[in-house]
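Chain by chain, the residues:
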Amino acid sequence: MHKEKNQTNRRGLLLSHNSCHKATPNTGFYLLGLQSPNQKIQELKKKMSKDEYGVLLYYKYASIPDLNSLFSFYESNCNSLGLLGRVRLSPNGVNVTVGGLLSALKKHIEAVRSNSLFQGTDFKLASSRHPLNDKVALECGFTSLSIRVVKELVTFSSHPLLKAPEVSNAGRYLSASEFHSVLQSAGQLMKNGSPIDDKQVVLLDARNLYETRIGKFHAPSVETLDPGIRQYSDLPSWIDDNSEQLRGKHVLMYCTGGIRCEMASAYIRSKGAGFENVFQLFGGIQRYMERFPAGGFFRGKNFVFDHRISVGSSDTNIMGACLICGSSYDDYSSRCRCTHCRMLVLICDSCRIKSNAYICELCQKHHMDIGTIPSVEDNEPEAVLDQNDLKIDSSDSIIPSQLLSRYGNVPPRKLRILCLHGFRQNASSFKGRSASLAKKLKSIAELVFVDAPHELPFIYQSCMEPNSSCAPSSGQHAPPPENCKRKYAWLVAPDVDGKNEADWKLADQPFDPLQYRGQTDGFDVSLAHLKKVFSEQGPFDGILGFSQGAAMAALLSAQGDNLKGEIDFRFAILCSGFALPLPDFGRLPINCPSLHIFGSHPGQDRQITSQNSRYLASRFEDGCSVIIEHEFGHIIPTRSPYIDNIKDFLRGFL
């Protein structure tokens, strides 16, 4: 029994008090204990007369030598003490948020401290009311004990193939008093004994928009940067786009309890020269408010991921506002959410009576309206969403049915993928040839097809049969019939004059399967064309390129930050791709998540050799690419297992 349980533990278990097992359908988890959440809460209520209730938060980055042993410790200790909440274990540390009787939480701290792994851990223990609101307690995971083994304690990037920064490179800690002192002196931070100009100090809030709505730091003469992100994994993109606001500055970061600043500060420092001076508030806002109960420089309330919802200071000023009417409001207990993205929104009591469908600020920026997606009823059951907002369980694979469960009856937004056709093709023909792919991806992706800008003349071989539907009669150079559609290219040979020609032309030589090597001109024209496409038809999550279209997509990927704000995409799918012998292409590894699909056997693809496609994949950074090799020719395979692998890659970006 014990061995079997350990095997299951590696996948992650959802645990509650008792030891009898009950499998839950379609989840892959087990429930230990048959008591309902209400029964557990009622039992704890009876004990409140004898002891006070509390909440404990702590995390620790450290190399964990034996995850199974640590899992067993938390399972045994938390169940014996009656603790409820979330425990996340990874090879690199732990992240814990649990609630229970204060006496039990103190015993848990003593047991954890006895393990040398947790030396120096900051245990944040606070007394609180009991989680009387069953709906809030359920959403926040405080009606059961959830222990899971995950890949990362917090998923820092929405790019699943990009490596997380080294936490050992995180910013230097500032205690609550030191943090306050810096703000109080308007940035007179000491560096090597010298005062720093206050204009060089900026505050950076590492939290999500729904948190910063109700409270944030504000200090005179110090700029506060609020990224306004929907989830933590959006922060690295914001940092990339706004790095000039951080370069050369002394960056003071803060979050709820500190764990998000660890990774984010390391990411900023990894950018090198000009980004060395990054500091983080030790213990986060919680420790600061304990040190300064009147609020200090923090205005409003601190959003927390447990049944308390938020924690305020003695300052009763309200920072938040109702999304609809704009009146002062900062109470999330109604758990109102955006109809589209499901982010928490602030809706006052009066406005909540009038409507149950809302559009958050971020979705409003993308011109989404209530009519495009049906609203979710208030009584619709929801998954434990608050911890998902932090993306703390990245080991769980997401499939469409699970996504629908997470969002109630509201389907998530599909990925939009721009598709670039091959040489001497067009959007219409590529769309037709990709119909099977589009059909099998329709639940998670929308494919958008565009023509390349370089129009090509019609060419025929001398051996073509004269009765061919798209060939002129022998000896003639007549205009093509109407059913022959224009052909285009992303790149052309240097000797092409750029003129559009409608007449048929006799090929000056037999078909050369290696002609793509000489098609190296026209990139600037295609780049300008795609900038216009992104501006008028975007945004796009990714680019899919076939043959020459894949070469073009690879060139765009190699541009890196040079195209930020004009051509933004999160991944590239390169089918039968090849690398062009251009000067800028081979200098540095390409840092973009990519999927490479090509034939595995030499000669099977008569257009692009497998060696060329394999070389293109090697131009991407290690850990940044996935390769699918198939036994077919110059096609995109859509049968299993290839289509399953394509879907797995795309689901990482949902």
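Residues numbered from 1 in each chain as written. Predicted model: local features only at pLDDT ≥ 70, side-chain atom pairs only at ≥ 80, totals over all residues. Heavy atoms only, no water.

1. Here's the deal with unusual backbone geometry
In this chain, G538 is followed by P539 through a cis amide linkage whose omega measures 5 degrees. Residue placement: P539 occurs in the loop between α17 (523-537) and β25 (542-546). In this model, S640 is joined to P641 through a cis peptide bond whose omega is 10 degrees. Here P641 is to be found in the loop between β28 (625-630) and α20 (642-651). Look at S547: it is not a glycine, yet its phi comes out positive at around 55 degrees. Look at S547 and you get buried, because its relative accessible area is 9%. (Helix = DSSP H or I, 4+ residues; strand = E, 2+ residues; numbered from the N terminus. Buried < 20%, exposed > 50% of the residue type's maximum accessible area, 1.4 Å probe, protein only.)

2. Regarding the state of the cysteines
What the rule picks out here adds up to zero disulfides. Just so you know, C325 is unpaired, no disulfide at all, and the nearest cysteine sulfur is the one on C322, 3.7 Å from it. With no disulfide of its own, C348 has C351 as its nearest cysteine by sulfur position, at a separation of 3.6 Å. For C348, a relative accessible area of 9% gives the class buried. (Disulfide = S-S within 2.5 Å.)

3. Observations concerning the pairing of strand β12 (residues 201-205)
When you tally the buried positions in β12, you get five out of five residues, the bulk of the element. As judged from the three bridges shared by β12 and strand β14 (residues 223-225), these two strands associate in the parallel manner. Bridge pairing links V202 to E223 in β14. (Pairing = 2+ DSSP bridges.)

4. Side note on the nonpolar core
Side chains of a nonpolar character, in soluble globular proteins, are inclined to be buried together. Counting 35 residues, the largest nonpolar core has L418, L420 and L556 as its most contacted members. Where this core is concerned, the elements lending two or more residues are β19 (415-420), β20 (445-450), α17, α18 (548-558) and β26 (571-575). With seven residues, the top contributor of residues to this core is α18. With sequence-adjacent residues up to four places away left out, L556 is seen in contact with L527, L530, I543, L563, I567 and F569. Listed in part, the 27 residues of the second largest apolar core include A427, F546, L595 and F653. (Core = buried A, V, L, I, M, F, W, Y, C linked by side-chain atoms within 4.5 Å. Contact = heavy atoms within 4.5 Å.)

5. Details of the sheet that holds strand β18 (residues 310-312)
Backbone hydrogen bonds hold the strands of a sheet together, and the pairing may be parallel or antiparallel. Taken together, three strands build an open sheet; the order of strands is β13-β17-β18 and the sheet is antiparallel. The open sheet has two free edges, formed respectively by β13 (215-217) and β18, since each of these has just one partner strand. In this sheet, adjacent strand axes meet at a mean angle of 40 degrees when their direction is disregarded. By the bridge criterion, three bridges tie β13 to strand β17 (residues 298-303) in an arrangement that is antiparallel. Bridge pairing links G215 to G300 in β17. Seen against the sheet, helix α10 (residues 284-291) touches β13, β17 and β18 and runs at an angle of roughly 125 degrees to β17. (Axes fitted to C-alpha atoms, helices over the stretch in contact; angles between N-to-C directions.)

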